[in-house]
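Geometric and topological summary
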Amino acid sequence: MKYLPSSALSACCVTALLLAACHNDHDNQHNSNTPAPVASTTVSGVAAVGSAINNAKIDLNCNGYSKESAATTDNQGKWQASVPTSSLPCAIRLTGGRAADVANQQTLYSLAQGSGNNNARQVTANITPLTDLALAKAVNDSKGIALNDWYSSSSFKASLNDIVSQLDRSLSSILAQLKAKNYTLPATSFNPYTSVFNAALDDAYDQLLEQFAAAIQQSGAASYTQFRANYLSSNSIPSPITDTTDTVSEALTVAGSKDTATFLNALAGSYQLQAVSSAGGAAAEFPVDSIHQVSISKDGLVTIKGKEQSYSYQYKQHTLSDYQRSQPDTANEVDALTFYNAAGTGVALYIKYDVATGYLTLEPQGIAGAEGAVKLASKKRTVTPVCSNQAGDDKLAFTGAPSDFCGFSKEASANTIADYYQFTSTAGNNGTTYVKFNMSGNSVQSLMIENNKYAFNCGAGSQTPCAGITISAVNNYKQFYLKDVKLAAVTGASSGITVNGLLIHFNTAPTSPTGFNTSACTKPVTASTWYQCGAGITADFTSPVLKVKTGGVTDSSCVISKSGNMVSLKVNGTTYTANLNNEETDAFNTFPSGNFTEQLTAAEGFSSRVDAKWTQGKITGASYYGSAGLIACLQ
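Now for a look at the structure at hand. The written sequence of each chain sets the order in which its residues are numbered from 1. Owing to the predicted nature of the model, reporting of local features is limited to residues with pLDDT of at least 70; listing and counting of side-chain atom pairs is limited to 80 or more, with chain, interface and lining totals taken over all residues. Values shown for side chains rest on all heavy atoms present in the structure; no hydrogens or waters enter the calculation.

1. Observations regarding the sheet that holds strand β2 (residues 53-54)
Pairing between two strands requires that DSSP report at least two bridges joining them. Runs of E in the DSSP output that reach at least two residues are strands. Runs of H or I that reach at least four are helices, and both are numbered from the N terminus. The strand order across the open sheet formed by 3 strands is β2-β7-β8, and the pairing between neighbours is antiparallel. In the strand order of this sheet, the two ends are held by β2 and β8 (102-103), each with one partner. In terms of strand pairing, strand β7 (residues 98-99) meets β8 through 2 bridges, oriented antiparallel. Bridge pairing links Arg-98 to Ala-103 in β8.

2. Focus on the state of the cysteines
Working definition: a disulfide is two cysteine sulfur atoms within 2.5 Å of each other. Per the stated rule, a full pass over the model turns up 3 disulfides. Paired by a disulfide, Cys-62 and Cys-90 hold their sulfur atoms 1.9 Å apart. Negative torsions about the S-S bond denote left-handed disulfides, and the value of about 105° found for Cys-62 with Cys-90 makes this one right-handed. You can see Cys-62 sitting in strand β3 (residues 57-62) and its partner Cys-90 sitting in strand β6 (residues 90-95), a full 28 residues away along the chain. A disulfide bridge connects Cys-521 with Cys-533, and the sulfur atoms are separated by 2.0 Å. Across the S-S bond linking Cys-521 and Cys-533, the dihedral sits near 110°, which makes this disulfide right-handed. You can see Cys-521 sitting in strand β32 (residues 521-526) and its partner Cys-533 sitting in strand β33 (residues 529-533), a full 12 residues away along the chain. An identical accessibility class is assigned to Cys-521 and Cys-533; each is buried. Note on classification: 1.4 Å probe, protein chains only; a residue is buried when its accessible area is under 20% of the maximum for its type, exposed when over 50%, partly exposed between these limits.

3. Thoughts on the sheet that holds strand β4 (residues 66-72)
What the 4 strands build is an open sheet, ordered β4-β3-β6-β9; its pairing is antiparallel. Every interior strand has two partners, whereas the edge strands, β4 and β9 (108-112), have only one. Across the sheet, the mean angle from the axis of one strand to that of its neighbour is 25°, orientation sign disregarded. Pairing analysis gives 6 bridges linking β3 to β6, with the strands arranged antiparallel. Paired with Ile-58 across the strands is Leu-94, a residue of β6. Here, axes are lines fitted to C-alpha atoms. For helices the fit covers the stretch in contact, and angles between N-to-C directions go from 0 to 180 degrees.

4. With respect to helix α6 (residues 224-234)
For α6, the full list of buried residues reads Tyr-224, Phe-227, Arg-228 and Tyr-231. Relative to the axis of α6, the buried residues are bounded by an arc of 100° and lie together on one face. Should any heavy atoms of two residues lie within 4.5 Å, those residues are considered in contact. As for α6, its buried residues are in contact with β9, α2 (129-143), α3 (147-151), α4 (156-180) and α5 (204-218). Just past α6, the residue Asn-235 takes up positive phi, approximately 55°. The arc under discussion is defined with respect to the helix axis, by the directions toward the C-beta atoms.

5. A closer look at the pairing of strand β31 (residues 497-506)
Most of β31 sits out of view: 10 of its 10 residues are buried. Covered by surrounding structure in β31 are Ile-497, Val-499, Gly-501, Leu-503 and His-505 together with Thr-498, Asn-500, Leu-502, Ile-504 and Phe-506, the residues of both alternating faces. Of the pairings in the sheet, the one linking strand β21 (residues 395-399) to β31 comprises 5 bridges and is antiparallel in character. Its bridge partner being in β31, Lys-395 is matched across the sheet by Leu-502. Of the strand pairs in this sheet, strand β30 (residues 477-491) and β31 are connected by 9 bridges, and their pairing is antiparallel. Bridging from a neighbouring strand, Tyr-481 pairs with Leu-502 of β31.

Without other data, these values stay purely geometric and don't point to any function.
Right under this line is the structure:
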């Protein structure tokens, strides 16, 4: 490496200094002819509606300066843009974006204050429903036009300073109303336009916005735009929804809904719902037994406030069966609406409402992971559900009865005491149910139906006499036919019941043929058919109660029996008979089938025939054919 001598180095330095001096003189002369740079101001703030509005477009309209899409909000709702200082103040318009993962449908306005005569380099201008409302009031009071019309008008620039002057009065009026209605304002120096805040649950300004949003939803306005118009015409801010975080909302009192729109309209409002179950990632946000604020709007926007953040769901029809009604237009109606995710690939939220109990439940899905789910619920009324059962043979139906006392099915009956008939059921959760008739001949003096929990009666003591009970006695059995019989509540219920059905008591228990003596038939015809049969073909029997299936007789029962050589088919009070007296037409047949089935035929001439059919020793059917036509009975 070569080194310069010190004298040479000094000469070089002098030369460099002279060159630098010459260069600087030239530059100074040149810059004296360059215009001074235009002063600019950074306008910034937060856009929020109770949660941050992200990815929203910000437009600016200033004093001699305007710019579309001047900025875009970030995930925290923050934005900033540079404007010429001389062009202040600026009106600001926000459109689009998303809040709590729901598309923002609102257009909100704000104002960046200041003027071209100051040297401010930073101006805060938040964009919220409060900045929008105050600016809308200022424009309306000063110019008598709508906010969006003013922003786009040809007179915008000329009126801007007037609006700024009016804004202080409008804002003071709104803040005074909020305070008078007991909204929680962040601080005495609070200014919705310029107060620095974060769109987070622990921020006082954000909490005020949530409180205000809930009141807007509760006000009945279909949208924020409608709410703004309502406010400008009434100059009245709705009261806040009381945040009783330690109190679960009472059971609802709304009726059932015929369709989705009616359902959302009926449930629109704010609630405090309790987490009755929580799974997966939802457990941290919604601990079991914790209480959470929930709001439902008429247009299907549902917002649920968790422990750390809010969750929003916007209903959009996915299928024709999104809305379901169970037992519609009854006291037991249950309505449910399913919200699907944006892709339509899964359920995002399930809302269910039980009309009888007023029980409202919401089940959001996919919280903090696919397995994250929670069930939020209101209180529910303690009611005595009513039911209506199906009446039939040896079955009673109770209308207007408790849900665990809907009916009675006979297991056995007894008549061991004169003028007293008792029917019993199999034992259930409330023990055996008894149906007790106290008789005087064929007249019912009193009726009691009871088990370990309930008791109902008529005709006893001061109770109304029994009405609607018809008794018919036919040879070896007695029928109790109940038609709209009113019984008063004795224990376990607050109101009476109505009873319908038929009970049958046999003096002797039903029996079936146990064997056959074909030698009682004197004329075998085939291997399975004999004619000229007499009484000895089989022992006497009485069938169980059968149900009439054909012959035009409905809701009736029949019993077939044999006594000696007489075979009788009794249909209610009418008896059809045939004799086994060894005549040509008295026949007996056997027909093998899947189960060994035999058919006994007794006839007095083919014009009057009574048949019994049984399977594996049990009578399962009977029929009559004669002058009355065909009547067929089956089990």
